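Structure at a glance
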Amino acid sequence: MGTSADHAYIAKLVHHGARITEQRKKLIHLLASCERPLSAMEIYQELERSFPRMSFGTVYQNIKLLADLELIESFVISNQLRYRLIDRDQPHYHFICMDCEKATSIPFNPSETPIPLPQQLTFVDFKLDVFGYCELCSDPGTLVSNGKKTNRIKGADRHE
Ligand SMILES: [Zn+2]
């Protein structure tokens, strides 16, 4: 287990002097390998399989630590707080499917396509999430097939 992507994040933990525990490694691996951002409860439920004695509080503390060290970030989708790894190496934005919540990183470099900014303001960083429907979810034939949410956002089905 463990990919080179995981190792980059574990190296950051080491750099910050944080203890490298099996739970933290697994947490990083989970977020690195999951196609969509996860809530704290989902992370807990996944980790519980490997660490059945671990409490939700411990998992939450680990999430908070990784967030404090800026290895992961939180954002809101469907009114729920979700977590994802922060990738600073390649500038990108996220396309997030409002149906299956799959997140896709798409290369975007503000130095090539400058973000409109008044002259007196200094650009440091950006965080951009674009919401819509992925290829699979925008096909009406597959809407019900995953047995998950079928209620689309109001207005999304309006006729062109
Ligand atoms: Zn989708």
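What you see is a predicted model, and the numbers here were worked out from it, not measured in a lab. (Residues numbered from 1 in each chain as written. Predicted model: local features only at pLDDT ≥ 70, side-chain atom pairs only at ≥ 80, totals over all residues.)

**Topic: the confidence of the model for the protein chain**
- The pLDDT averaged across the protein chain works out to 85; a share of 85% of its residues lies at or above 70.
- Here residues 145-160 is modelled with pLDDT under 50, and outside its nearest four sequence neighbours on either side it reaches 6 contacts, counting other chains as well. (pLDDT = per-residue confidence, 0-100. Contact = placed C-beta atoms within 7 Å.)

**Quick notes on the sheet that holds strand E3 (residues 92-97)**
- Spatially, the 3 strands line up as an open sheet ordered E4-E3-E5, and their pairing is mixed. Whereas interior strands pair on both sides, the edge strands pair on one side only; in this sheet they are strand E4 (103-107) and strand E5 (129-132). Going across the sheet, the axis of each strand differs from the next one's by a mean of 25 degrees, ignoring polarity.
- Sheet topology places E3 next to E5; 4 bridges connect them, and they run parallel. Across the sheet, Ile96 pairs through a bridge with Phe131, a residue of E5. (Pairing = 2+ DSSP bridges. Helix = DSSP H or I, 4+ residues; strand = E, 2+ residues; numbered from the N terminus. Axes fitted to C-alpha atoms, helices over the stretch in contact; angles between N-to-C directions.)

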